[in-house]
Amino acid sequence: MRTDIQYIKGIGPRKADALKSEAGIETVEDLLYYAPRRYLDRSSFKSIVDCFAGETVTVTGTIRGLSVAGKRGRFLEVVIDDGTDRLSGIFFAGIQYFQKIFLEGSTVIFSGKIDVYRGKRIVHPEYDFIDEDSRVKSIHAGRLIPLYRSTEKLKTLGFDSRGFRRAIRSAIDEYLDEIPEPFDSDMLGRLGLLPLRDALMAIHFPDSIEDVGKARQRLAFNELLFLQVYLRISRMRLQQELSKKKPAIDPGILDSFSGSLPFELTEDQLGAIAQIVGDMERPFPMNRLLQGDVGSGKTVVSMAAALVAAGRGEQTAVMAPTEILAAQHYRNFQALIPGARVIELLTGNMQKNRKAEVLERVKTGECSILIGTHALLESDVVFDRLGFIIIDEQHRFGVRQRALLHEKGEHPDLLVMTATPIPRSLALTLYGDLDITSIRAKPRNRLPVRTLALPESRLSGVYRSVEKYISEGRQAYFVYPIIEESSSIELKSAINAFEILKNDVFPDRRIDLLHGRLPSKDKDDIMRRFIAGEIDILVSTTVIEVGIDVPNATIIVIQHPERFGLSQLHQLRGRVGRGEKQSFCVLVYPDEISAEAKRRIDVLVESDDGFRIAEEDLRMRGSGEFVGFQQHGHGAGFEFADLASDIDIIGLAREEAASIAQHIPDAGKVLKSLIEGAVPAGMPGLLNSLRKRKILSLLS
Ligand code: ADP
Ligand code: MG
């Protein structure tokens, strides 16, 4: 199965190189697991005579002629005929190439949007060919034709969908029988899964869409099981190999800490602290996720833990994604933890002297709690005895950044926190090796934020309400979207809005503007004044999204909510509702908005439950957006599994992984052989036959 792809009929070294560099396909196995991107359903082909302008259709016909036309903008016209009418495919680019592949008399499939201009035509249709190769044809006399991802380069080498189908057909004919089935029939029956070979066959050459579903389920199960087993074994190894005696914990510290707080900790907060401290007492490192909806009070929980660590002589590093948030944590820690000199702040833009001073105190161990941004990751940050790491808003950091900080200590305890509640399905999958603590109940005395969605035409009414709340001593946020690609334009609109709000709408109010491009000193200063109540209205971009905590701010107006993700809106909304007063979130959408966009916004109006919103978001946007996996390209790295809809399969995989892991004597060894791709001793073939290459690269 590790047979090099070049040995498949029709693929030589040159094509093999391209398959490797363009699609990551190196072995026959890789090819068999190359998932079709979608399927064309023959029965949904339209007769050309029934196609009308503006419709998106798939048609098939025989090529009747090719011609190059147009004076300035030359284009290729490919005329096809299906017996009911004619239609042209128009290509402005790649003319020479298309002249070679569209041969008169052959049958093609075109998909795309019809426009009518001296006859029906589709500009740059998606195209495919009906397979004339009899082996392929006979196999899907069925109505579904699989289509594959390809690239320009692969296409010029013959790997359009038809080329893939042929190569995969050869791979199946020659090698499918060699693929081992890792599960016995009992297990397959119990789990209701297709045998692996049947699944691979059906994913490429299905008879029906139901076949595709079943095949995908089986292949997704493989991926998820592999991941779960891997996570479990790594965790076992950690526990087996890293056991060491740790200094004792002084229980008095916690009592005096909670006694010094201006409020009473909630049950959930106390429970979370107990779990975390329990982890610290165990002989192996803590690896825990603390999740709780915005405003649930995670910071104070992490502070208690940091204090406990300091009490036994360990240093703590607290990493936050923005300077504003790091500075806020610094102030909070200072206010709540006596002996302030042991706490330091480190950010990228500090004065050199000050920075050197901090680094020195960290190195000698005088500083027990170091709070900062990404600046903590730099190589000049050296700890004396880093025993505990807290990462706030952890989904803002990548796997590698977490690892970098981790390496600065000797297997330190790790607590990661998130206010973007991770949907259960995703948490189970990605964090099979993490313990999870959830804070569910918010502090007492909180009223739910009241959320309204209003069209822009009602903005003046919104202004009047804001004016009223400010006159009662409250503060307000106005938030504008900022979009990466055209940030300068969007930034201007925040600035424009600021000018209008300041000069025309609220001339008597203290109003200021905050965005990511300001020097950090200014940002800090503005936040400080807003917290101190010296600013009534803060006009801002999404820089306030994470973590900012100003309980006296009770109204947030978000413009263009249709430009934000649901979870992001929920985070923004979480900036208010942090005190005892009734808070409001007003979503101001453009008067002309699609029904779809309005429906999304309404999810937020209807629900205050971050978990529900995150699940909804996951359904709408796919799983790649979560947990710092964006940098890895597609999805969460799975070829077949879909984290949003495969919750049941994830559950199954978890149970199986638990029972498999029970039979592993030496986790370290198994893990090593797994990563190196060898067959782990004692579990012949099982993990090897699961799909793993991509998943491992995600985790490392
Ligand atoms: P998040 O979980 O979103 O990070 P924070 O830790 O910033 O939330 O806490 C939100 C606000 O709630 C802060 O002002 C904090 O001081 C306050 N808070 C935390 N715990 C309690 C509590 N038990 N009772 C009242 N207020 C609390
Ligand atoms: Mg927070």
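See the structure above.
An account of the accompanying structure is given in this report.

Conventions used here
Residues numbered from 1 in each chain as written. Chains lettered and ligands numbered in written order. Predicted model: local features only at pLDDT ≥ 70, side-chain atom pairs only at ≥ 80, totals over all residues. Heavy atoms only, no water. Helix = DSSP H or I, 4+ residues; strand = E, 2+ residues; numbered from the N terminus. Buried < 20%, exposed > 50% of the residue type's maximum accessible area, 1.4 Å probe, protein only. Areas by Shrake-Rupley, 256 points an atom, 1.4 Å probe, with all protein chains shown as cover. Pairing = 2+ DSSP bridges. Axes fitted to C-alpha atoms, helices over the stretch in contact; angles between N-to-C directions. Contact = heavy atoms within 4.5 Å. Salt bridge = Lys/Arg side-chain N within 4 Å of Asp/Glu carboxyl O. Right-handed = clockwise from strand over helix to strand, strands pointing away. Core = buried A, V, L, I, M, F, W, Y, C linked by side-chain atoms within 4.5 Å. Near = heavy atom within 4 Å. Polar contact = N/O pair within 3.5 Å; in protein donor to acceptor, adjacent residues only side chain to side chain. Phe/Tyr/Trp six-rings, centres within 6.5 Å; stacked < 30°, edge-to-face > 60°. Lys NZ or Arg CZ within 6 Å of the ring centre and 35° of its normal. Lys, Arg positive; Asp, Glu negative; His and termini not counted. Parallel < 35°, antiparallel > 145°, perpendicular 65-115°, else oblique. Left-handed = near helix turned anticlockwise from the far one by under 90°. Nonpolar A, V, L, I, M, F, W, Y, C, P; charged D, E, K, R; others polar.

**A look at the overall build of the protein chain**
Argument step 1. Within the protein chain, the secondary structure is distributed over 26 helices and 21 strands.
Argument step 2. The burial tally for the protein chain puts 54% of its 700 residues in the buried class.
Argument step 3. Carbon together with sulfur atoms contributes 50% to the accessible area of the protein chain, which is approximately 30,700 Å² in total.

**Thoughts on the sheet that holds strand β15 (residues 435-439)**
Argument step 1. Strand order in this open sheet of seven strands is β11-β12-β10-β13-β14-β9-β15, and the pairing throughout is parallel. Each end of this open sheet is capped by a strand with a single partner; those strands are β11 (343-346) and β15. Adjacent strand axes in the sheet meet at a mean angle of 20°, parallel and antiparallel pairs treated alike.
Argument step 2. Pairing of strand β9 (residues 287-292) with strand β14 (residues 413-418), which is carried by five bridges, proceeds in the parallel orientation. For N287, the partnering residue across the bridge sits in β14 and is L414.
Argument step 3. Its contacts with the sheet put helix α11 (residues 267-281) on β9, β13 (386-391), β14 and β15, and the angle it makes with β15 is roughly 160°.
Argument step 4. Along the sheet, helix α13 (residues 323-336) contacts β10 (315-319), β11 and β12 (369-372); its crossing angle with β11, the most-contacted strand, is approximately 170°.

**Comments concerning the pattern of salt bridges**
When charged atoms on two side chains of opposite charge get close, those side chains can pair.
Argument step 1. Evaluated as defined, the whole model comprises 32 salt bridges.
Argument step 2. Of the charged contacts, one joins R573 and D608 as a salt bridge, the two residues approaching to 3.9 Å between their closest N and O atoms. With a gap of 35 residues between them, R573 in helix α20 (residues 566-573) and D608 in the loop between α21 (595-606) and α22 (610-621) connect regions that are remote in the sequence.
Argument step 3. Overall, R573 belongs to the buried group, its relative accessible area being 2%.
Argument step 4. On the basis of relative accessibility, which here comes to 31%, the residue D608 falls in the partly exposed class.
Argument step 5. Here the salt bridges do not stand alone but share partners, grouping E344, R354, E357, R361 and E366 into one network.

**Looking at the pairing of strand β19 (residues 537-540)**
Argument step 1. Residues I537 and V539 line one face of β19 and the alternating positions L538 and S540 line the opposite face, and both faces are buried.
Argument step 2. Bridge count for strand β17 (residues 475-479) against β19 is four bridges, and the pairing is parallel. Each residue of the ladder has a partner; that of F478, found in β19, is V539.
Argument step 3. Strand direction decides the pairing type here: strand β18 (residues 511-514) and β19, joined by four bridges, are parallel. Looking at β19, one finds that L513 is bridged to V539.
Argument step 4. At this point the chain moves from β18, through helix α19 (residues 520-531), to the parallel β19, and the crossover so formed is right-handed.

**Some words on the nonpolar core**
Argument step 1. Formed by 60 residues in total, the largest nonpolar core has its most connected members in L31, F164 and F221.
Argument step 2. The element contributing the most residues to this core is helix α9 (residues 209-241), with 13 residues.
Argument step 3. Not counting the four nearest positions on each side in its chain, F221 is found in contact with F183, M187, L191, L193, I649, L652, A653 and E656.

**Topic: the site of ligand 1**
Argument step 1. Around ligand 1, the structure places 16 residues, and the nearest of them are G295, K298, T299, R446 and D549.
Argument step 2. The contact in question runs from an oxygen atom of ligand 1 to an N or O atom on the side chain of R446, over 2.7 Å.
Argument step 3. D549 is positioned with one of its side-chain polar atoms (N or O) 2.5 Å from an oxygen atom of ligand 1.
Argument step 4. Here ligand 1 has 570 Å² of accessible area as a free molecule, and 87% of this is covered by the chains.

**Thoughts on the pairing of β11**
Argument step 1. Residue alternation in β11 divides its side chains into two sets, I343 and L345 and E344 and L346, and both sets are buried.
Argument step 2. Here β11 pairs with β12 via four bridges, running parallel. Within the sheet, the bridge partner assigned to I343 lies in β12 and is I369.
Argument step 3. Of the crossover connections in this fold, the one passing from β11 over helix α14 (residues 352-364) to the parallel β12 is right-handed.

**As for the packing of aromatic side chains**
Argument step 1. If you walk through the whole model with that rule in mind, you get 22 aromatic pairs.
Argument step 2. A centroid spacing of 5.3 Å and a plane angle of 50° characterise the contact between Y97 and F98, whose relative ring orientation is tilted.
Argument step 3. Aromatic rings pair up to connect F91, Y97, F98, F102, F110, Y127 and F129 into one cluster.
Argument step 4. The ring of F205 carries the charged tip of R169 above its face, separated from the ring centre by 5.4 Å.

**Structural notes on unusual backbone geometry**
Argument step 1. Here the phi dihedral of R118 falls at roughly 50°; this positive angle occurs in a residue that is not glycine.
Argument step 2. Look at H560: it is not a glycine, yet its phi comes out positive at around 55°.
Argument step 3. By the element assignment, H560 lies in the loop between β20 (553-559) and α20.
Argument step 4. Taking the relative accessible area as the measure of exposure, H560 reaches 24% and is therefore partly exposed.

**Digging into the sheet that holds strand β16 (residues 450-455)**
Argument step 1. Spatially, the six strands line up as an open sheet ordered β16-β21-β20-β17-β19-β18, and their pairing is parallel. A single partner strand is all that each edge strand has here, and the edge strands are β16 and β18. Strand-to-strand, the axes of this sheet are offset by a mean angle of 20°, without reference to chain direction.
Argument step 2. Examined bridge by bridge, β16 and strand β21 (residues 584-589) share six bridges and lie parallel to one another. From the neighbouring strand, L452 faces β21, where its bridge partner is V586.

**Comments concerning the side chain of D392**
Argument step 1. Structurally, D392 is set in the loop between β13 and α15 (399-406).
Argument step 2. Buried within the structure, D392 lacks any salt-bridge partner; K298 is the closest side chain of opposite charge, at an N-O distance of 6.0 Å.
Argument step 3. There is a polar contact of 2.6 Å between the side chain of D392 and the side chain of H329.
Argument step 4. In contact with D392, not counting residues within four places along its chain, are M319, A320, P321, L325, H329, F397 and M417.

**Let's talk about the packing of helix α12 (residues 298-311) against α13**
Argument step 1. Running from N to C, α12 and α13 point in directions that differ by 60°, and their axes come no closer than 11 Å. As the angle between them shows, α12 and α13 are arranged oblique. Handedness of the α12/α13 crossing: right-handed. Contacts between α12 and α13 involve T299, S302, M303 and A306 on the former and, on the latter, H329, N332, F333 and L336.
Argument step 2. When the residues that make up the contact of α12 with α13 are grouped by side-chain class, the tally is four nonpolar, four polar and no charged.

**Some remarks on the environment of A18**
Argument step 1. On the secondary structure map, A18 appears in helix α1 (residues 13-23).
Argument step 2. The exposure class of A18 is buried, given its relative accessible area of 2%.
Argument step 3. Not counting chain neighbours up to four residues away, the residues in contact with A18 comprise A23, K153, L154 and L157.

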